[in-house]
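So you can see what is in the structure, the chains are spelled out below.
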Amino acid sequence: MSAGTTKSLPSSGQKPIQEMCHPLSAEECALTPSPDLGNTISSMGEKDLSLPNGNAVDTSSPASSSSLLNRLQLDDDLDGETRDLFVTVDDPKKHVSTMETHITYRVSTKTTRTEFDLPEYSVRRRYQDFDWLRSKLEDSQPTHLIPPLPEKFVMKGVVDRFSEEFVETRRKALDKFLKRVADHPVLSFNEHFNVFLSAKDLNKRQGLALLSKMGESVKYVTGGYKLRARPIEFAAMGEYLDIFTQKLGTIDRIAQRIIKEQSEYLVELREYGPMYSSWASSEEQLQEPLDGVAGCVANCCSGLEDLTEDMSEDFLPVLREYILYIESMKNVLKKRDHVQAEYEAKLEAVAFREDRKTPVPTDVEKCQDRVECFNADLKADWDRWQNNKRQDFRQLLTGVADKNIQYYEKCLAAWESLIPLLQDKQETRADTN
């Protein structure tokens, strides 16, 4: 099995937050969450914002402006786009010890960002390290969609988690995970991501108290307050995710059934072809066409084997990645709901106090700022996710079509090559008569 080279995704830098109409990148400006959001976010840098636990909200830009001026030129395939962070996952190795057996992967990084001490890094990471990174990203960037990791345990249809096929499938998924994080204009500047890419001994750095201030706010308990209703746009997102989950689940089940049937058919074909070879050895006059049939069946076996392998290793993993992606998006929506519920609870409390002419708590504005930032980040990540989804499924379905065309062309060519042999035998028989 050959390992395909995963095409890198472009990465964009980050502007100071005051220059942005959105907490993400300038390219997301078309989303414009609300007329007052730009002023609200800008003013957040001047206010002494604090969370319910008393911690200050960090509203500074995660990137330095100098990193925007120091870029690497990407290859010609991306039409001159630039990026300043390259990450790849390759070279899986099996480590056996008396305590456990595990697989590590080489994570290679090339960058011109000033946040890194060196321009290149090469470290080895195991799956639990990737899981640590994703957990830290979720805690420290709760308003953003974190790309999913491949399933931790054995995937469907795969028994041996140390098999070459399983390890390669996981390597591709881990590589895609890091590339998606590196492509994100906020996540790619996260301090935990920097540590993951650069620290030689990640375990020693895991104990550092890297703050997750916004994560603290999302964990704030709203006192049992129930959200009235999601805004229409976020309710539509939830409905879309539910329908998309059903569609992908159905396609996944049918695809697995097709692979199972193809595998059973392949077993039959492998027994079918040699029977013609055995028959040809006892039929001198029919030996040539019978051997030809055996050869045709062998070619069909080869084509079907490739087709089944492509579906197992290329088609199904993409479906499962997006099923996990949907769960990640639903989790972000739930976090947004918690923040909105907190805001609504505070508004009700304010209305109750106003009736009694008591002072209005100043934390209501801060809570409103968090809701607006959450909404803006979620909308931007939603559009980013939709764009990635369109590209991924266009590439996936085009690949499936090409593979099926190649398979049937191979089968057709094999059987067409048999026609001259049968015609020669027919002409010989006619001449003999």
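The structure displayed is predicted, hence computed values, not measured ones.

*Asks:* Would you mind showing me how to read the overall build of the chain here?
*Replies:* Secondary structure assignment for the chain yields 10 helices and five strands. The buried share of the chain, reckoned over its 433 residues, is 43%. Summed over all atoms, the accessible surface of the chain reaches about 23600 Å², with 51% contributed by carbon and sulfur.

*Asks:* How should a negative patch on the surface be read in this particular structure?
*Replies:* Taken together, Glu164, Glu165, Asp306 and Glu309 make up a surface patch of like negative charges. Taken together, the elements giving at least two residues each to the negative patch come down to helix H3 (164–183) and helix H8 (287–355). Examined against the element boundaries, Glu164 turns out to sit in helix H3. Glu164 sits in the exposed class, given a relative accessible area of 52%.

*Asks:* How do you make sense of the pattern of salt bridges when you look at a structure like this?
*Replies:* Should the charged atoms of two oppositely charged side chains come close, the side chains can pair. Per the stated rule, a full pass over the model turns up 20 salt bridges. For Arg113, the salt bridge goes to Asp84, with nearest N and O atoms at 3.0 Å. With Arg113 in the loop between strand S4 (101–111) and strand S5 (120–126) and Asp84 in the loop between strand S2 (82–83) and strand S3 (85–96), this residue pair connects regions lying 29 residues apart in the sequence. Given the relative accessible area of 0%, Asp84 is considered buried. Here Lys172 makes a salt bridge to Asp314, at a shortest N to O gap of 3.7 Å. With Lys172 in helix H3 and Asp314 in helix H8, this pair connects stretches of sequence that are 142 residues apart. Assessed through its relative accessible area of 36%, Asp314 is described here as partly exposed. Because the salt bridges share partners, they merge into one network encompassing Lys176, Arg180, Glu321 and Asp392.

*Asks:* What exactly am I supposed to notice about the packing of aromatic side chains here?
*Replies:* Centre distance and the angle of the planes are the two values used to describe a pair of aromatic rings. Under the criterion given, the structure shown has 14 aromatic pairs. With a centroid separation of 6.2 Å and 35° between ring planes, the pair formed by Tyr276 and Trp279 is classed as tilted. Note that Tyr276 and Trp279 are positioned in helix H7 (residues 232–280) at a spacing of three residues, about one turn of the helix. Taking relative accessible area as the criterion, Tyr276 reaches 17% and is therefore assigned buried.

*Asks:* Hey, could you run me through the confidence of the model for the chain in this one?
*Replies:* Summary statistics for the chain give a mean pLDDT of 76 and a share of 69% for residues scoring 70 or more. Counting contacts from residues 1–81, a segment whose pLDDT is below 50, to residues more than four positions away or on other chains yields 160 contacts.

*Asks:* What's the story with the environment of Leu241 in this structure? I'm lost.
*Replies:* Locating Leu241 in the fold gives a position in helix H7. Counting along the chain gives 86 residues from Leu241 to Glu327, while the straight-line C-alpha distance between them is 8.7 Å. Excluding anything up to four places from it in sequence, Leu241 contacts Ile326, Met329, Lys330, Leu333, Trp382 and Trp385.

*Asks:* So what exactly am I meant to see when it comes to the packing of helix H2 (residues 127–140) against helix H4 (residues 191–198) here?
*Replies:* The description of two helices packed together rests on the angle between their axes and the distance between the axes. At their nearest, the axes of H2 and H4 sit 9 Å apart, and the two run at 165° to each other. Between H2 and H4, the angle falls in the class roughly antiparallel. Handedness of the H2/H4 crossing: right-handed. Together, Asp129, Phe130, Trp132, Leu133, Lys136 and Ser140 of H2 and His192, Phe193, Val195 and Phe196 of H4 make up the contact between the two elements.

*Asks:* Could you clarify how one ought to interpret unusual backbone geometry in this entry?
*Replies:* One can expect most non-glycine residues to show negative phi and most peptide bonds to be in trans. Even without glycine at this site, Asp91 takes up a positive phi of about 50°. When you line up the elements, Asp91 lands in strand S3.

*Asks:* What is the right way to look at the sheet that holds S3 in this model?
*Replies:* As a general point, the strands of a sheet are linked pairwise by backbone hydrogen bonds and lie either parallel or antiparallel. Across the sheet, three strands lie side by side as S3-S4-S5; this open sheet has antiparallel pairing. Of all the strands in the sheet, the pair left with one neighbour each is S3 and S5. With strand direction ignored, the average angle separating the axes of adjacent strands in the sheet is 20°. As paired elements, S3 and S4 share 10 bridges and run antiparallel to each other. Looking across to S4, one finds that Val89 is bridged to Val107. Packing against the sheet, H2 makes contact with S3, S4 and S5, and its axis sits at approximately 105° to S5. Contacts between H3 and the sheet are confined to S3 and S4, with S3 contributing the most and set at about 150° to the helix.

*Asks:* Is there a simple way to think about the packing of H2 against H3 in this case?
*Replies:* Packing of H2 against H3 leaves a shortest axis separation of 12 Å and a crossing angle of 30°. Judged by the inter-axis angle, H2 sits roughly parallel to H3. Both H2 and H3 take part in a crossing whose hand is left-handed. Packed against H2, whose contacting residues are Tyr127, Phe130, Leu133, Arg134 and Leu137, the element H3 presents Arg170, Leu174, Phe177, Leu178 and Val181 at the interface. Across the contact of H2 with H3, the residue classes tally to eight nonpolar, no polar and two charged.

*Asks:* So what exactly am I meant to see when it comes to the environment of Ser282 here?
*Replies:* Tracing the backbone through its elements, the reader meets Ser282 in the loop between H7 and H8. One polar contact links the side chain of Ser282 to the main-chain carbonyl oxygen of Trp279, over a distance of 3.0 Å.

*Asks:* Whenever I open this one, the nonpolar core confuses me. Can you help?
*Replies:* Buried together is how nonpolar side chains tend to be arranged in soluble globular proteins. Among the nonpolar cores identified, the biggest contains 31 residues, and Tyr322 and Trp385 are the most heavily contacted of them. Here this core takes 14 residues from H8, the largest share from any one element. Counting residues in hydrophobic clusters, the runner-up holds 29 residues, among them Val123, Ala182, Leu187 and Phe193.

*Asks:* Teacher, can you tell me more about H3 here?
*Replies:* Within an α-helix, residues lying three or four positions from one another point in the same direction, as the helix has 3.6 residues per turn. Helix length check: H3, at 20 residues, gives a terminal C-alpha distance of 28 Å against a target of 28 Å (1.5 Å per residue), a fit within 8%. Across the 20 residues of H3, 15 count as buried, placing the element largely inside the fold.

Conventions and cut-offs
Within each chain, residue numbers correspond to sequence positions counted from 1 in written order. Under the rules for a predicted model, residues below a pLDDT of 70 receive no local features and side-chain atom pairs below 80 are neither given nor counted, while totals for whole chains, interfaces and linings still include all residues. Hydrogens are left out, water is left out, and the side-chain values use all remaining heavy atoms of the structure. A helix here means a DSSP run of H or I that spans at least four residues, while a strand means a run of E at least two residues long, and both kinds are numbered starting from the N terminus. Residue exposure (1.4 Å probe, protein chains only): buried if accessible area is under 20% of the type maximum, exposed if over 50%, otherwise partly exposed. Reported accessibility uses the Shrake-Rupley method at a 1.4 Å probe radius. Residues are deemed covered only where the shown protein chains occlude them. Patches in this entry comprise residues that are over 30% relatively accessible and not in a salt bridge; like charges within 9 Å are linked, as are nonpolar side chains (Val, Leu, Ile, Met, Phe, Trp, Tyr) within 5 Å. Take a side-chain nitrogen of Lys or Arg and a carboxyl oxygen of Asp or Glu: if they are within 4 Å of each other, that pair is a salt bridge. Positive: Lys, Arg. Negative: Asp, Glu. His and the chain ends are not part of the count. Think of each charge as sitting on NZ of Lys, CZ of Arg, CG of Asp or CD of Glu. Classification of ring pairs rests on two measures: the distance between centres of Phe, Tyr or Trp rings, Trp counted by its six-membered ring, which must be within 6.5 Å, and the angle between planes, read as stacked under 30 degrees, edge-to-face over 60 and tilted in between. Looking at any residue, its pLDDT shows the predictor's confidence there, from 0 to 100. The criterion used for residue contact is that any of the two residues' heavy atoms lie within 4.5 Å. Angles run from 0 to 180 degrees between N-to-C directions of axes, and those axes are lines fitted to C-alpha atoms, restricted for helices to the stretch in contact. Angles below 35 degrees are treated as roughly parallel, those above 145 as roughly antiparallel, those between 65 and 115 as roughly perpendicular, and all remaining angles as oblique. Helix crossings fall into two classes, left-handed where the near helix is turned counterclockwise from the far one by less than a right angle and right-handed where it is turned clockwise. When DSSP finds two or more bridges between a pair of strands, those strands are recorded as paired. We call Asp, Glu, Lys and Arg charged. Ala, Val, Leu, Ile, Met, Phe, Trp, Tyr, Cys and Pro are nonpolar, and the rest, Gly among them, are polar. Here a polar contact is recorded for every N or O atom pair within 3.5 Å, except that within protein the pair must consist of a potential hydrogen donor and a potential acceptor, and residues adjacent in sequence are included only if both atoms are side-chain atoms. Joining through side-chain atoms within 4.5 Å is the link that ties buried Ala, Val, Leu, Ile, Met, Phe, Trp, Tyr and Cys residues into a set, and such a set is a nonpolar core. Given a helix with a known number of residues, its expected span is that number minus one, times 1.5 Å.

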